[in-house]
Amino acid sequence: MTNHPTILSPLRVGGLTLPNRMVMGAMHTRLETLDRPHERLAAFYARRAQGDIGLILTGGYSPVPEGVMDEGGPLLNCADQLDEHRRITSAVHAAGGRIILQILHAGRYAKVADCVAPSAGKARINVFPPRVLSTAQVWETVESFANTAALAMEAGYEGIEIMGSEGYLINEFTAAVTNRREDEFGGSFDARIRFPLEIIRAVRERVGQDFVVIYRISSIDLMDGGMNGSEVAEFARRVERAGADMINTGVGWHESAVPTIAASVPRAAWSDAVRNVKQAVAIPVMASNRINTPDIAEQVVSSGAADLVSMARPLLADPDFAKKTMLGVPDEINTCIACNQACLDRIFTDRTATCLVNPRAGREIE
């Protein structure tokens, strides 16, 4: 008998039934920079599917070249790329899993000379100053998200996640600190949130009703000039009305001075920010950040703060996290210690992600 009945219960999300409430969150691995990248990515995700995780979110794929995280970063914008994605989705499905493609436009965080933003102003964490998108280019960007969503559907993914948090392009539009536009996409609260709402509507129109559309909201910006709690709640209601099947929550911006996932951050520290979103909407809401044991995941979901939990680094540390929870042996889970040394530190120094407590992570084909 397990002590984790809530996270082990199934959940209906759009046209998809998840067998449990545990999700592998999106993370950038940089495996695409190695030899045989698609074989590596397929094996990486399939190994997590074998561990009975309810749902897998891929690392972010940009809908346009100027939105990639860094030179040569993941991009999905044309049919020529579908075969490499079918290899990933087939491997995950063969292992009994479900996988969703994250669409991420890095905005002024993109480490490319051609990076773009809603308004002028270089990010503290980038050497490149962005060029400002014209109104026509904003509409073209909306269209690019719909195009990538349609390609993801063709490639066999169960759905897409629109990355709207952590200070990337969409978040740069929603926050006053980075959006000083004077067209229909800037100024008032309604105008600043127009860009993500138009993206959700365009995607939904393109993919129909059964394809899952997740929107990742910034539950708390942790930036002066970011959204306040009541604005986040109202934005979440509009996201639901625009056609999202589920909301995932992000915490803070990459350039924020407040630590969000370091080991010093208490477990499930951001639950109140997630609960604020959950109380605003009827669709399922996913919690993230510093949730690394089944007990904490159970506590977050059974308390009503969220319907599911997203765990990225814990699935690097132990791909069998969900399976061991189901088998009632949570003490056998190889726990993520939030050291960031082999995952984030390596990513930010142009290397590939692995894990200090699980060196097999990212080396599944070796």
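Just above, that's the structure.
Since the model is a prediction, treat every value here as computed from it, not as a measurement. (Residues numbered from 1 in each chain as written. Predicted model: local features only at pLDDT ≥ 70, side-chain atom pairs only at ≥ 80, totals over all residues. Heavy atoms only, no water.)

Here the structure, examined in full by the defined rule, presents 23 salt bridges. Each of D35, R36, E39, R40 and E366 takes part in salt bridges that share partners, so that together they form one network. (Salt bridge = Lys/Arg side-chain N within 4 Å of Asp/Glu carboxyl O.)

Now for the pairing of strand β9 (residues 212-220). Residues in a regular strand project their side chains so that they alternate between the two faces of the sheet. Along β9, 8 of the 9 residues are buried, which leaves the element largely enclosed by surrounding structure. Strand direction decides the pairing type here: β9 and strand β10 (residues 246-251), joined by 6 bridges, are parallel. Counted as the bridge partner of I217 is T249 from β10. Taking the sense of rotation as the criterion, the β-α-β connection linking β9, helix α7 (residues 229-242) and β10 turns out right-handed. (Buried < 20%, exposed > 50% of the residue type's maximum accessible area, 1.4 Å probe, protein only. Helix = DSSP H or I, 4+ residues; strand = E, 2+ residues; numbered from the N terminus. Pairing = 2+ DSSP bridges. Right-handed = clockwise from strand over helix to strand, strands pointing away.)

Our next topic: the nonpolar core. Ranked by internal contacts, the top residues of the largest apolar core, which has 88 residues, are I160 and I162. If we ignore the near neighbours within four places in the chain, the residues touching I160 are I100, L101, I103, A149, A152, V203, F211, V212, V213 and I214. Ranked by size, the runner-up nonpolar core spans 14 residues in total, among them L16, A26, M286 and L308. (Core = buried A, V, L, I, M, F, W, Y, C linked by side-chain atoms within 4.5 Å. Contact = heavy atoms within 4.5 Å.)

Time to look at empty space enclosed by the protein. Throughout the structure, instances matching the rule amount to 4 cavities of 30 Å³ or more. Within this model, the largest cavity holds a volume of roughly 100 Å³. In terms of lining residues, the largest cavity is bounded by 15 residues, among which C336, C339, C343, C355 and L356 are the most central. The residue makeup of the lining of the largest cavity, split by class, is 11 nonpolar, 3 polar and 1 charged. Roughly 70 Å³ of volume is contained in the second largest cavity. Contributing to the lining of the second largest cavity are M27, H28, T29, R30, E32, L41, Y45, G59, G60, Y61 and P74. Elements with a contribution of two residues or more to the lining of the second largest cavity: α1 (37-50) and β4 (55-61). The biggest single contributor to the lining of the second largest cavity is β4, with 3 residues. Across the lining of the second largest cavity, the residue classes tally to 5 nonpolar, 4 polar and 2 charged. (1 Å grid on protein atoms, 1.4 Å probe; cavity = no way out; pocket = protein on both sides within 12 Å on 5 of 7 lines; lining within 4 Å. Points joined across faces, edges and corners; volume = space filled by probe spheres on them. Nonpolar A, V, L, I, M, F, W, Y, C, P; charged D, E, K, R; others polar.)

With that settled, consider the layout of surface pockets. Summary: where empty space remains is shown by rolling a probe the size of a single water molecule over the atoms. Of the volumes computed, that of the largest pocket is approximately 1,200 Å³. Lining the largest pocket are 47 residues, with Y168, H254, I261, L344 and F348 sitting closest to its centre. Along its surface, the second largest pocket is lined by 13 residues, and R47, A317, P319, N358 and R360 are the ones closest to its centre. Of the residues contributing to the lining of the second largest pocket, the split by class is 4 nonpolar, 2 polar and 7 charged.

Let us look at the packing of helix α3 (residues 135-154) against helix α6 (residues 194-207). At a minimum axis distance of 8 Å, the contact between α3 and α6 shows a crossing angle of 35°. In this structure, the crossing between α3 and α6 has a hand that is right-handed. Touching V138, W139, T141, V142, E143, F145, A146, N147, A149, A150 and M153 of α3 are R194, F195, E198, I199, A202, V203, R206 and V207, all from α6. Looking at the contact of α3 with α6, its residues break down into 13 nonpolar, 2 polar and 4 charged. (Axes fitted to C-alpha atoms, helices over the stretch in contact; angles between N-to-C directions. Left-handed = near helix turned anticlockwise from the far one by under 90°.)

Quick look at the side chain of D245 now. Within the secondary structure, D245 is located in the loop between α7 and β10. Among the residues examined, D245 registers a relative accessible area of 14% and is labelled buried. A polar atom in the side chain of D245 sits 2.6 Å from the side chain of R204. Other than its neighbours up to four places away in sequence, D245 contacts V13, G14, R204, F211, V212, V213, I283 and P284. (Polar contact = N/O pair within 3.5 Å; in protein donor to acceptor, adjacent residues only side chain to side chain.)

This paragraph deals with the environment of V309. Along the chain, the position of V309 falls in strand β12 (residues 308-311). Taking the relative accessible area as the measure of exposure, V309 reaches 0% and is therefore buried. Between the alpha carbons of V309 and G25 there is a distance of 8.6 Å; along the sequence they are 284 residues apart. Apart from residues no more than four positions distant in its own chain, V309 is found in contact with R21, M22, V23, M286, A287, I291, A297, V300 and V301.

Let us now look at α1. If you check α1, its first and last C-alpha atoms are 20 Å apart, about what 14 residues at 1.5 Å a residue would give, namely 20 Å. Here the buried face of α1 lies against β3 (22-24), β4, α2 (82-94), β5 (99-103) and α10 (313-317). Looking one or two residues beyond α1, the residue adopting positive phi is D52, at roughly 70°. (Expected span 1.5 Å × (residues − 1).)

Just geometry here; none of it tells us what the structure is for.
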